[in-house]
Amino acid sequence: PLLAGAIQSFFLPFTVLISAGAEGARHLKQTLADHRALAEQPGPHASDCHYYVTDTTDNFSRLATIFLGRTVKGFVEQVVIDE
C-alpha cells in the first residue's frame, strides 16, 4: 500500500494494481457480516486489544497506525516464535 502510488504512476496505463490485503479484508468483512459477527463501531473495550509482535515494540503503534489507517492503542508484547 505504501508504494502503490509510485508503482501505479510508473506503469500507467498498462497495469491495474490489486491489493491482496485489501481484497482479503473485503472478503473477511463480508463473511463476518454474513454471520452477524461484524462490529459496527469499535466498542467501549477497543483499547483492550492485545498485539503480539515478533519485532520490537518501540515503533509498533506508530507503524501500525500508518498501515491500519487508524490510531492503535492497547497492550503490545514482543513474542519469540521458535522453529
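Each chain has its residues counted from 1, following the order in which its sequence is written. In view of the model being predicted, local features appear only for residues whose pLDDT reaches at least 70, and side-chain atom pairs are presented and counted only at 80 or more, with totals across whole chains, interfaces and linings using the full set of residues. Hydrogen atoms and water are omitted, and side-chain values are computed over all heavy atoms in the structure.

Caption draft 1: Summary view of the overall build of the chain. By definition, any uninterrupted DSSP run of H or I lasting at least four residues is a helix, any uninterrupted run of E lasting at least two residues is a strand, and each is numbered from the N terminus. Counting secondary structure elements, the chain contains three helices and two strands. When its helices and strands are written in sequence order, the chain yields α-α-β-α-β. In this treatment the radius of gyration is a C-alpha quantity, and the globule benchmark scales as 2.2 Å times the residue count to the 0.38 power. Computed over the C-alpha atoms, the radius of gyration of the chain is 17 Å, more than 25% above the 12 Å expected from 2.2 N^0.38 for a compact globule of 83 residues. Considering only C-alpha atoms, the chain reaches an extent of 45 × 35 × 30 Å along its principal axes.

Caption draft 2: Region of interest: unusual backbone geometry. Geometrically, the link from Leu-12 to Pro-13 is a cis peptide bond, its omega value of -10° lying close to zero. With respect to the helices and strands, Pro-13 occurs in the loop between helix H1 (4-11) and helix H2 (20-34). Positive phi, normally seen in glycine, also occurs at Arg-36, with a value near 55°. Locating Arg-36 in the fold gives a position in the loop between H2 and strand E1 (50-53). The exposure class assigned to Arg-36 is exposed, which follows from its relative accessible area of 82%. The buried label applies to any residue whose accessible area, calculated with a 1.4 Å probe on protein chains only, is under 20% of its type's maximum; exposed applies above 50%, and partly exposed to all values in between.

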